[in-house]
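# Overview (structure and organization)
Single-letter residue listing:
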Amino acid sequence: MNFGKLQLNEEVARRLSAAVDSGTLSHAVLLTGGTEKERKELSVLLAQALLCTNQPTPCLKCDVCKKIKNGIHPDIIITSGEAGKQRSIKIDTIRDIRQRAYIMPNEAPYQIFIILEASGMGEEAQNALLKILEEPPVTARFILASRSRDDFRQTILSRVTPFAISEDSGQAAGEKENAKAAKAATDIFTALLSKNEYKIMLSTGALEKDKKTFKAALEKMILMLRNSVVGKYNDSAFSDSVEMRFSQAYSAKEIIDMQNVLKTLIADADKNANDNLLVTRLATELAGCIEQNGR
Ligand SMILES: [Zn+2]
């Protein structure tokens, strides 16, 4: 990815580039730190990078890049709150975004909703946004930008991939936790592909004694399972990914059963059930979704 003149923390630039270049950037990202101007620049640059077809992306010269820069691309919808001013983003604005997200894009493969200074969302607006982050249409992407991850409820944070423009210790901890959850989710998926109950049991061990990571990993797995279902109908969507292999290895019913297991476990984790028991249940109940020949 080409960052133009924007100065970014090296590690963040590397992670963003890797995600954009491999087409694996999550459907919702949160950009924090830096100045308001930097957050806006990076949001626009990221939208360009996602839609520009030249390499390295964005080229900043093609029609798509220019339209986005000039704010006239029909599939880029930008909303902005006022920094630090609660409720400067109205709940109706978020409801409009939700409705619009289900409409087909005009010319791009998907619509990108950019919410700048997203701290302007009050609790109601955050709840409204959460609904669409939980069940996002495949044709919608979200870029949230704000001063700090502390501006958001945990439920929102668990649905977005965070990137900090500059150093921020709270953010760094969040990123570490996020990376840990992502690794655990991928490890469990890989073990599930082996269809070996013992390997599945071993793969969930990393989630013991850490309920936050446990829940975050399960949220990620739910999204990965969704992608696997999408992969059944569109085999170029996630080529070469663990999701794609999953979609080939399992039936839609098995995948949906697994999603239900994960949703129940997240709900039980919220009820303060015993952590280690939850991890054991994760392994046995996921393995229980696998249909065996002759059973
Ligand atoms: Zn371009």
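See the structure printed just above.
The structure presented is a predicted model; accordingly, all values stated were derived computationally and were not measured.

We now examine the nonpolar core. Nonpolar side chains in soluble globular proteins tend to end up buried together. Counting residues in each nonpolar core, the largest one holds 36 residues, and the members touching the most others are Leu192, Leu207, Phe246, Met258, Leu282 and Leu286. If you list the elements that add at least two residues to this core, you get helix 7 (169–194), helix 9 (211–233), helix 10 (242–249), helix 11 (252–270) and helix 12 (275–288). Sequence-distant contacts of Leu282, that is, excluding residues within four places in its chain, are made with Ile188, Thr204, Leu207, Phe214, Leu218, Leu262 and Leu265. By size, the runner-up hydrophobic cluster in this structure holds 31 residues, among which are Ala19, Leu42, Leu116 and Phe163.

This brings us to the coordination of the zinc ion. Every protein donor of the zinc ion is accounted for by Cys52 (SG), Cys59 (SG), Cys62 (SG) and Cys65 (SG), and the metal-donor separations fall at 2.3 to 2.4 Å. Here the zinc ion is ringed by four donor atoms whose angles at the metal span 103 to 118°, and the overall shape comes out tetrahedral. Considered as a linear motif, the donors of the zinc ion on their single chain read C-x6-C-x2-C-x2-C. Pair noted here: Cys52 is in the loop between helix 2 (36–51) and helix 3 (63–69) and Cys62 is in the loop between helix 2 and helix 3, with a separation of ten residues, a long-range link. By relative accessible area, Cys52 is classed as buried at 7%.

With that settled, the discussion passes to the pattern of salt bridges. The final tally for this structure, using the stated rule, is 17 salt bridges. Where Lys253 meets Asp257, a salt bridge forms, and the shortest distance between an N and an O atom there is 2.8 Å. With Lys253 and Asp257 both in helix 11, this residue pair falls four residues apart, about one helical turn. Across the pair Arg281 and Glu285 runs a salt bridge whose closest N-O atoms are separated by 2.9 Å.

This next bit is on the packing of aromatic side chains. Within this structure, the stated rule accounts for three aromatic pairs. Between the aromatic rings of Phe113 and Phe142, the centroid separation amounts to 5.4 Å while the plane-to-plane angle is 20°, which identifies the pairing as stacked. On the criterion of sequence distance, the pair formed by Phe113 in strand 3 (residues 111–116) and Phe142 in strand 4 (residues 140–146) is long-range, its members being 29 residues apart. Ring geometry for Phe189 and Phe246: centres 4.3 Å apart, planes at 35°, overall tilted. One end of the pair, Phe189, is in helix 7; the other, Phe246, is in helix 10, with 57 residues separating them in the sequence. Residue Phe189 is classed as buried on the basis of its relative accessible area of 0%. Members of the aromatic cluster, each reached through a chain of ring pairs, are Phe189, Phe246 and Tyr250. Against the face of Tyr110 rests Arg141, its NZ or CZ located 4.3 Å from the ring centre. Cation over ring: Lys195 sits above Tyr250, and NZ or CZ is 4.3 Å from the ring centre.

Across the interface, helix 9 lies against helix 12 with an axial gap of 10 Å and an inter-helix angle of 25°. With respect to helix 12, the axis of helix 9 lies roughly parallel. The crossing of helix 9 and helix 12 is left-handed. Here Lys211, Phe214, Leu218 and Met221 of helix 9 lie close against helix 12, whose contacting residues are Asp275, Leu278, Val279, Leu282 and Leu286. A per-class count over the contact of helix 9 with helix 12 returns seven nonpolar, no polar and two charged.

An order of 2-3-4-1-5 is seen for the five strands of this open sheet, with the pairing classed as parallel. Two strands close off the open sheet at either side, each with one partner strand: strand 2 (76–80) and strand 5 (161–164). Ignoring strand direction, the axes of neighbouring strands in this sheet form an average angle of 15°. With five bridges connecting them, strand 3 and strand 4 associate as parallel partners. Within strand 4, the residue paired with Ile115 across the bridge is Leu144.

Conventions we followed
- Residues numbered from 1 in each chain as written.
- Predicted model: local features only at pLDDT ≥ 70, side-chain atom pairs only at ≥ 80, totals over all residues.
- Heavy atoms only, no water.
- Core = buried A, V, L, I, M, F, W, Y, C linked by side-chain atoms within 4.5 Å.
- Buried < 20%, exposed > 50% of the residue type's maximum accessible area, 1.4 Å probe, protein only.
- Helix = DSSP H or I, 4+ residues; strand = E, 2+ residues; numbered from the N terminus.
- Contact = heavy atoms within 4.5 Å.
- Donors = N, O, S within 2.8 Å, 3.2 Å for Na, K, Ca; no water.
- Tetrahedral: all angles 85-135°; square planar, octahedral: opposite > 155°, others 65-115°.
- Salt bridge = Lys/Arg side-chain N within 4 Å of Asp/Glu carboxyl O.
- Phe/Tyr/Trp six-rings, centres within 6.5 Å; stacked < 30°, edge-to-face > 60°.
- Lys NZ or Arg CZ within 6 Å of the ring centre and 35° of its normal.
- Axes fitted to C-alpha atoms, helices over the stretch in contact; angles between N-to-C directions.
- Parallel < 35°, antiparallel > 145°, perpendicular 65-115°, else oblique.
- Left-handed = near helix turned anticlockwise from the far one by under 90°.
- Nonpolar A, V, L, I, M, F, W, Y, C, P; charged D, E, K, R; others polar.
- Pairing = 2+ DSSP bridges.

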